Amino acid sequence: MEKKNLFTHIHEMETQLGQLHGDLGELKMIVKELLEDNQRLTIENEQLRKLLKREAPADLPISSALAPVARPAGPATGEDVVGEGYDNLARLYHEGFHICNVYYGHLRTEGDCLFCLSFLNK
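From a predicted model like this one, the values you see are computed outputs, not experimental measurements. (Residues numbered from 1 in each chain as written. Predicted model: local features only at pLDDT ≥ 70, side-chain atom pairs only at ≥ 80, totals over all residues. Heavy atoms only, no water.)

Digging into the UniProt feature "coiled-coil region" (unreviewed entry) in the protein chain
The UniProt feature table records "coiled-coil region" (unreviewed entry) at residues 24-51. In residues 24-51, the share of helix is 100% and the share of strand is 0%. The end C-alpha atoms are 40 Å apart. (UniProt positions renumbered as here; feature names shortened; annotations may be inferred. Helix = DSSP H or I, 4+ residues; strand = E, 2+ residues; numbered from the N terminus.)

Here it is as structure tokens:
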């Protein structure tokens, strides 16, 4: 091989390696997202099973236990009622997800998040 052909061949291989590295990075991000979704769905599934076991009477079939429950239109007492949105965020946090603006929706892997806790305590 001539020196010029050898140099062009090495340059082509370097370009291909760069493309492979980029593709590998994209695949890594896709796998990460899939693993996060899988973990989130696993946790949600466990929570729903616990809720279903707790709320479903033994004599009712499961399909009727999943029927929507009618809620009263307004508060029945004069108590200070926390909004439904706040309850949903608190539930999400206790299920293991971030509710802060920094990591919203990501799985909490390292325990409590100070941003989330400060948001809940407002």
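Section: the nonpolar core
Leu 89, Ala 90, Tyr 93, Ile 99, Cys 100, Cys 113, Cys 116 and Leu 120 together form the largest nonpolar core, which totals 8 residues. Put simply, the parts of the chain that give this core at least two residues each are helix 3 (84-94) and helix 4 (114-120). Ranked by the residues each element gives to this core, the list is headed by helix 3, at 3 residues. Apart from residues no more than four positions distant in its own chain, Cys 100 is found in contact with Cys 113, Phe 115 and Cys 116. (Core = buried A, V, L, I, M, F, W, Y, C linked by side-chain atoms within 4.5 Å. Buried < 20%, exposed > 50% of the residue type's maximum accessible area, 1.4 Å probe, protein only. Contact = heavy atoms within 4.5 Å.)

Notes on the packing of aromatic side chains
Throughout the structure, instances matching the rule amount to 0 aromatic pairs. The ring of Tyr 93 is capped by Arg 108, whose NZ or CZ atom sits 3.9 Å from the centre of that ring. (Phe/Tyr/Trp six-rings, centres within 6.5 Å; stacked < 30°, edge-to-face > 60°. Lys NZ or Arg CZ within 6 Å of the ring centre and 35° of its normal.)

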